[in-house]
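Here's the letter readout for the chains.
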Amino acid sequence: GALALLYFSVSKRARAGGRLRSMEAFQKLRRAIGLSVEDGKRLHVSLGNSSILGPNNASALVGLSILERAAQISLIGDRPPVATSGDGSLAILSQDTLQAAYRANNAPEQYDPDRGRLAGVTPFSYLAGIIPILPAEQVSTNLLVGYYGPEIALFCEAAERQGAFALAASESLAAQAVLYATAHELLIGEEMFAIPAYLQAGPVHQASL
């Protein structure tokens, strides 16, 4: 498996972007991110409220890859993305991810550790911590990629009132049920792991597909 991933990572097809099937959710996501940059708005990446050391951390790891790509895209805009999490170690990883992204793009001065935040350590304290970010940080696009409970529907309703786009993906069945009705776009199952590839985060993500 590792050898196959390495082979496809360095192949011409992966470097060129490969051929990914057209998905409306990703088309809307790219459009929303582009509008955020053009309008001077902010992108919010929510990494969920599970522990990075727990069994429900797969989506959070995907979220970190998305955060790195979001930081790269935001270099041409006025407002860097903000990342929130409900676990201390995950918050530290989000800060490291942002710092690495800016260093790799020769813009270390743009790094602000406050952009990787611990919003709350319980499901409802996390929710209480991320809802105010919508108006305070002028967020227009939300990427909810993490482990949530059904309470995440309240955030999607707040985003709708704020006129902010929300794309969600979670391995939690309870979250998927409420997000189906409240998020603008919901990714189910393995579609979650395709997000970095569709955002052109690198040939490794293309090869993994």
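Now for a quick tour of the structure. (Residues numbered from 1 in each chain as written. Predicted model: local features only at pLDDT ≥ 70, side-chain atom pairs only at ≥ 80, totals over all residues. Heavy atoms only, no water.)

Before going further, it helps to examine unusual backbone geometry. Residue Asn106 is not a glycine yet carries a positive backbone phi of 55°. Within the secondary structure layout, Asn106 lies in the loop between helix 5 (88-104) and strand 3 (116-118). One non-glycine residue, Gln138, lies in positive phi territory at about 55°. With respect to the element layout, Gln138 can be found in the loop between helix 7 (133-136) and strand 4 (139-147). (Helix = DSSP H or I, 4+ residues; strand = E, 2+ residues; numbered from the N terminus.)

With 16 residues, helix 3 (residues 24-39) extends 22 Å between its outermost C-alpha atoms, agreeing within 8% with the 22 Å of an ideal straight helix rising 1.5 Å per residue. Residues of helix 3 that are buried: Ala25, Phe26, Leu29, Ala32, Ile33 and Ser36. Along the long axis of helix 3, the arc covered by the buried residues comes to 120°, so they all point the same way. Exposed positions of helix 3 whose direction lies more than 90 degrees from the buried face are Glu24, Arg31, Glu38 and Asp39. Check the buried side of helix 3 and you find it contacts strand 1 (42-48), helix 4 (58-73), strand 4, strand 5 (165-169), strand 6 (185-187) and helix 10 (195-198). Two residues or fewer after helix 3 comes Gly40, characterised by a positive phi angle close to 70°. (Expected span 1.5 Å × (residues − 1). Buried < 20%, exposed > 50% of the residue type's maximum accessible area, 1.4 Å probe, protein only. Arc of directions from axis to C-beta. Contact = heavy atoms within 4.5 Å.)

In this section: the nonpolar core. In this structure, Phe26, Leu29, Ile66, Leu167, Leu187 and Ile195 are the most contacted members of the largest nonpolar core, which totals 33 residues. A per-element tally of this core places helix 4 first, with seven residues. Discounting residues that sit within four places of it in the chain, Leu167 has contacts with Ala25, Leu29, Asn142, Leu143, Leu144, Glu185, Leu187 and Ile195. Ranked by size, the runner-up nonpolar core spans 20 residues in total, among them Val82, Leu134, Tyr148 and Ala183. (Core = buried A, V, L, I, M, F, W, Y, C linked by side-chain atoms within 4.5 Å.)

What follows concerns the packing of helix 4 against helix 5. Packing of helix 4 against helix 5 brings their axes to within 8 Å, and their N-to-C directions diverge by 30°. Taken together, the axes of helix 4 and helix 5 lie roughly parallel to each other. The chirality of how helix 4 crosses helix 5 is right-handed. From helix 4, Ala60, Leu64, Leu67, Glu68 and Ala71 reach across to helix 5, where they touch Leu90, Leu93, Ser94, Thr97, Leu98, Ala101 and Tyr102. A per-class count over the contact of helix 4 with helix 5 returns nine nonpolar, two polar and one charged. (Axes fitted to C-alpha atoms, helices over the stretch in contact; angles between N-to-C directions. Parallel < 35°, antiparallel > 145°, perpendicular 65-115°, else oblique. Left-handed = near helix turned anticlockwise from the far one by under 90°. Nonpolar A, V, L, I, M, F, W, Y, C, P; charged D, E, K, R; others polar.)

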